[in-house]
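Read off the chains here:
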Amino acid sequence: GAVVSQHPSRVICKSGTSVKIECRSLDFQATTMFWYRQFPKKSLMLMATSNEGSKATYEQGVEKDKFLINHASLTLSTLTVTSAHPEDSSFYICSASELAGGNYEQYFGPGTRLTVT
Amino acid sequence: EDQVTQSPEALRLQEGESSSLNCSYTVSGLRGLFWYRQDPGKGPEFLFTLYSAGEEKEKERLKATLTKKESFLHITAPKPEDSATYLCAVQSHGANSKLTFGKGITLSVRP
């Protein structure tokens, strides 16, 4: 149980274009989903927290107009990187949390490698 | 502000050589401390959650323990397939339950 998927696993896009990454909880309902960014040999940096049906809460320094997050259902959240630039190239990982019955674990997706050329 | 420090940064062990990974933390009110394993190019894999000092959890060759200031991940008789980065994270009481991660410990187990 507690499986989270991400799509695509890898994407290459040209500078100036937008890219959408999907995060799905496959066998549970995720009331909260999180989006992280990870640079090589570095730990995970939280970008934003999203609760189903409400606006995402962004961490300090993360541009909400550049990283659009939608959490329209209890099993799907999307991250859209708008007008991507080479510095946006990174490993993006989502996690999902059920937050039911005292369960606070976050389960992570496999990640999406974004390369902006 | 919640803080997590993991040590050592990297650890190289011989197969069968037991050791411990340390995670020191400061948090305003601990809801839980989490251990994850991350392989290169993959997302973190959940290992354990510890909620209160004195709690211990085991899974195969791994055992996690918790005190009020730190947590240890003990690896007994490791195998090469245990090679990975081990991440520690804390979650404090409050809205949204976000995790604060340490930088991770990269473990290499030589056959």
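Please refer to the structure higher up on the page.
Residues numbered from 1 in each chain as written. Chains lettered and ligands numbered in written order. Predicted model: local features only at pLDDT ≥ 70, side-chain atom pairs only at ≥ 80, totals over all residues. Heavy atoms only, no water.

1. As for the overall build of chain A
For step 1, the next point in the chain: Counting its regular elements, chain A contains 0 helices and 11 strands.
For step 2, the next point in the chain: Listed by position from the N terminus, the elements making up chain A come as β-β-β-β-β-β-β-β-β-β-β.
For step 3, the next point in the chain: Expected size for 117 residues packed as a compact globule is a radius of gyration near 13 Å; at 14 Å, chain A falls within 12% of this value.
For step 4, the next point in the chain: Counting across all 117 residues of chain A, residues that qualify as buried make up 49%.
For step 5, the next point in the chain: At a minimum sequence separation of 6, the contacts of chain A that also span at least 24 residues come to 55%.
For step 6, the next point in the chain: For chain A, the accessible area works out to roughly 5,700 Å², and carbon and sulfur atoms hold 51% of it.
For step 7, the next point in the chain: Across chain A, 11 positive and 10 negative side-chain charges occur, with their mean positions spaced 10 Å apart. (Helix = DSSP H or I, 4+ residues; strand = E, 2+ residues; numbered from the N terminus. Rg over C-alpha atoms; globule rule 2.2 N^0.38 Å. Buried < 20%, exposed > 50% of the residue type's maximum accessible area, 1.4 Å probe, protein only. Contact = heavy atoms within 4.5 Å. Areas by Shrake-Rupley, 256 points an atom, 1.4 Å probe, with all protein chains shown as cover. Lys, Arg positive; Asp, Glu negative; His and termini not counted. Charge placed at Lys NZ, Arg CZ, Asp CG, Glu CD.)

2. Thoughts on the interface of chain A and chain B
For step 1, the next point in the chain: The partner chain B presents 20 residues to the 22 residues of chain A that form the contact.
For step 2, the next point in the chain: The three residues of chain A that bury the most area against chain B are Tyr-104, Glu-105 and Phe-108 of chain A, which together make up 31% of that side's buried surface.
For step 3, the next point in the chain: Taken together, the links from chain A to chain B amount to 1 salt bridge.
For step 4, the next point in the chain: As a salt-bridge pair, Lys-98 of chain B and Glu-59 of chain A come within 2.9 Å of each other at their nearest N and O atoms.
For step 5, the next point in the chain: Breaking the side of chain A that touches chain B down by element, the ones donating at least two residues are β4 (32-38), β5 (44-51), β9 (90-97) and β10 (106-108) of chain A. (Buried area = accessible area lost by both parts, 1.4 Å probe. Salt bridge = Lys/Arg side-chain N within 4 Å of Asp/Glu carboxyl O.)

3. A short note on the packing of aromatic side chains
For step 1, the next point in the chain: Enumeration over the complete set of coordinates arrives at 9 aromatic pairs over all chains.
For step 2, the next point in the chain: On the numbers, 5.4 Å between centres and 45° between planes, the contact of Tyr-36 of chain A with Phe-108 of chain A is tilted. Here the residue Tyr-36 of chain A occupies a position in strand β4, and Phe-108 of chain A occupies one in strand β10, the gap between them amounting to 72 residues. In this structure, Tyr-36 of chain A and Phe-108 of chain A share a single accessibility class: buried.
For step 3, the next point in the chain: A ring pair is formed by Tyr-107 of chain A and Phe-46 of chain B, whose centres lie 5.5 Å apart and whose planes are at 65°; its orientation type is edge-to-face. With Tyr-107 of chain A in strand β10 and Phe-46 of chain B in strand β5 (residues 45-50), the pair connects residues from two separate chains.
For step 4, the next point in the chain: The class of Tyr-107 of chain A is buried, set by a relative accessible area of 18%.
For step 5, the next point in the chain: Following the ring pairs from residue to residue traces out a cluster consisting of Phe-28, Tyr-36, Tyr-107 and Phe-108 of chain A together with Tyr-36, Phe-46 and Phe-101 of chain B. (Phe/Tyr/Trp six-rings, centres within 6.5 Å; stacked < 30°, edge-to-face > 60°.)

4. Structural notes on the nonpolar core
For step 1, the next point in the chain: Ranked by size, the top nonpolar core spans 25 residues in total, and within it Val-4, Trp-35, Phe-67, Leu-79, Tyr-92 and Leu-114 of chain A carry the most contacts.
For step 2, the next point in the chain: Elements with a contribution of two residues or more to this core: β2 (10-13), β3 (19-25), β4, β5, β7 (67-73), β8 (76-81), β9 and β11 (112-116) of chain A.
For step 3, the next point in the chain: In terms of nonpolar packing, the next biggest core, distinct from the first, is built from 23 residues, Leu-13, Leu-21, Leu-66 and Leu-107 of chain B among them. (Core = buried A, V, L, I, M, F, W, Y, C linked by side-chain atoms within 4.5 Å.)

5. Topic: the state of the cysteines
Residues and elements named next belong to chain A.
For step 1, the next point in the chain: What the rule picks out here adds up to 2 disulfides over all chains.
For step 2, the next point in the chain: Across the disulfide, Cys-23 is cross-linked to Cys-94 (sulfur-sulfur distance 2.0 Å). In this structure, the disulfide formed by Cys-23 and Cys-94 twists by about 80° around the S-S bond and is classed as right-handed. Linking Cys-23 in strand β3 with Cys-94 in strand β9, this pair joins segments that are 71 residues apart in sequence. With respect to class, Cys-23 is no different from Cys-94; both count as buried. (Disulfide = S-S within 2.5 Å.)

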